[in-house]
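Breakdown of the fold
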Amino acid sequence: MKSRHVFCPRPSRVRCFRQILALSALLLTLRSSAADPSPLQASIKHAAAAGTTLFLVFRQDVDKALQAMQAEVALAVKELDGRAASLEVNVDEEDGEALLETYRALGAPLPLTLVLAPNGAITGSAVRTCKAETLKAALLGPRAAECLKHVQDGKLVAVCVQNGSSQGGPEALTAIEALKADPKIGSLATSVVIDPAAVAERTFLEKLGVDTKAVTATTVLIIPPGRILGVYSGAIVVGTLLD
C-alpha cells in the first residue's frame, strides 16, 4: 500500500507538521489552569476514575430541542447499562462556559452533547439534535480513545496496527521509535499499538481505512486536528516516514 499524503508538499512535510504540533501543544498549555477543580470538573474526574463515558449536555435555554436531546441521551445511557452516564452543563452558570472552552467548543450551537471517554478524549458530538444510536456508536475502544486523546493534546500519533503474526511488524515499530527519537520531532510524537483482531477497536480502524484482515502491519500517521498524514504497509524505515 502506498502512503497517502493528504496535505503538505513533500519537501516541507517534516517542517509543516512539526510547526502544527508545536502550535497545538502551546495552545493547550495556555488553556491550562492551576485553579481548584470545580464541581463539574470533580464529576468528570469521578466518572473517569470509574471508567465511565460521559455524555456532556451543554445547554442554555430549556426548549424542545433540549428536551429531545435529553430524551435521546437518557435512552443511550439506559441501553449502555452502566458504561455511560450523563452530565448537564448550563453555560450560563459557573464554569459552564469555561468547560466549553476546555473542550474547544466555545461558540458552538446549543444544545450540544459531547461524548467524553474516561481518558478525557472527545470521541463524538451532537449539535442541536442527536440519536441514541449515534451516541452509543461514539464509544470507542481504549486504544482508539488513547489515539484521539494524544491528537487532541497536540501530538503526532503513529498508530501501529499489528500483532505477533503481522508481517513487517518489528521493522515498523523500529521505524516509529526512530521517528520519536528524531530531534526534529522530539516529544511531539507518540505511538499506539492496536491489535487488528481487537473487536473493540474495529470501528476506529475502519475509519482509518485499515484492512483488519491484512497479513502485513499497517502504520498510520495522524496529526492534529485528526488528519491522516500517511498510511504505510509492512516493513518501513524511518526515512519513509520523514520523506
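Above this text is the structure in question.
Here's a quick rundown of the structure. (Residues numbered from 1 in each chain as written. Predicted model: local features only at pLDDT ≥ 70, side-chain atom pairs only at ≥ 80, totals over all residues. Heavy atoms only, no water.)

**Side note on the overall build of the protein**
Each helix and strand counted, the protein has nine helices and eight strands in total. Classification of the 243 residues of the protein by burial places 43% in the buried group. Counting only contacts in the protein whose residues sit at least 6 apart along the sequence, the fraction spanning at least 24 positions is 70%. Surface summary for the protein: the accessible area is close to 12,500 Å², and the carbon and sulfur share equals 54%. (Helix = DSSP H or I, 4+ residues; strand = E, 2+ residues; numbered from the N terminus. Buried < 20%, exposed > 50% of the residue type's maximum accessible area, 1.4 Å probe, protein only. Contact = heavy atoms within 4.5 Å. Areas by Shrake-Rupley, 256 points an atom, 1.4 Å probe, with all protein chains shown as cover.)

**As for helix α7 (residues 169-181)**
Since the α-helix packs 3.6 residues into each turn, any two residues three or four apart lie on the same face. End to end, α7 covers 19 Å across 13 residues, agreeing with the expected 18 Å (1.5 Å per residue, within 8%). Among the residues of α7, those classed as buried are Gly169, Ala172, Ala175, Ile176 and Leu179. Across the axial projection of α7, the buried residues extend over an arc of 125 degrees, all falling on one side. Facing away from the buried side of α7 by over 90 degrees, the exposed positions are Pro170, Thr174 and Ala181. (Expected span 1.5 Å × (residues − 1). Arc of directions from axis to C-beta.)

**Here's the deal with the nonpolar core**
Counting residues in hydrophobic clusters, the biggest one holds 17 residues, and the most contacted among them are Ile44, Leu56, Phe58, Tyr103 and Leu114. Elements that contribute at least two residues to this core include exactly α2 (39-49), β1 (53-59), β2 (84-90), α4 (96-102) and β3 (112-116). Those residues in contact with Leu114 that sit more than four places away from it in its chain are Leu54, Phe55, Leu56, Phe58, Tyr103, Ala105, Ile122, Gly124 and Ser125. (Core = buried A, V, L, I, M, F, W, Y, C linked by side-chain atoms within 4.5 Å.)

**Some points on the side chain of Thr113**
Tracing the sequence through the fold places Thr113 in strand β3. Apart from the residues within four sequence positions on either side, Thr113 is in contact with Phe55, Leu56, Val57, Met69, Val73, Gly124, Ser125, Ala126 and Leu135.

**Let's talk about α2**
What α2 keeps buried is the set Leu40, Ile44 and Ala47. All buried residues of α2 fall inside an arc of 60 degrees around its axis, so they share one side. Across α2 from its buried face, at more than 90 degrees, point the exposed residues Pro39, Lys45, His46 and Ala49. Buried residues belonging to α2 abut β1, β2, α4 and β3. One or two residues past the end of α2 sits Gly51, with phi positive at roughly 75 degrees.

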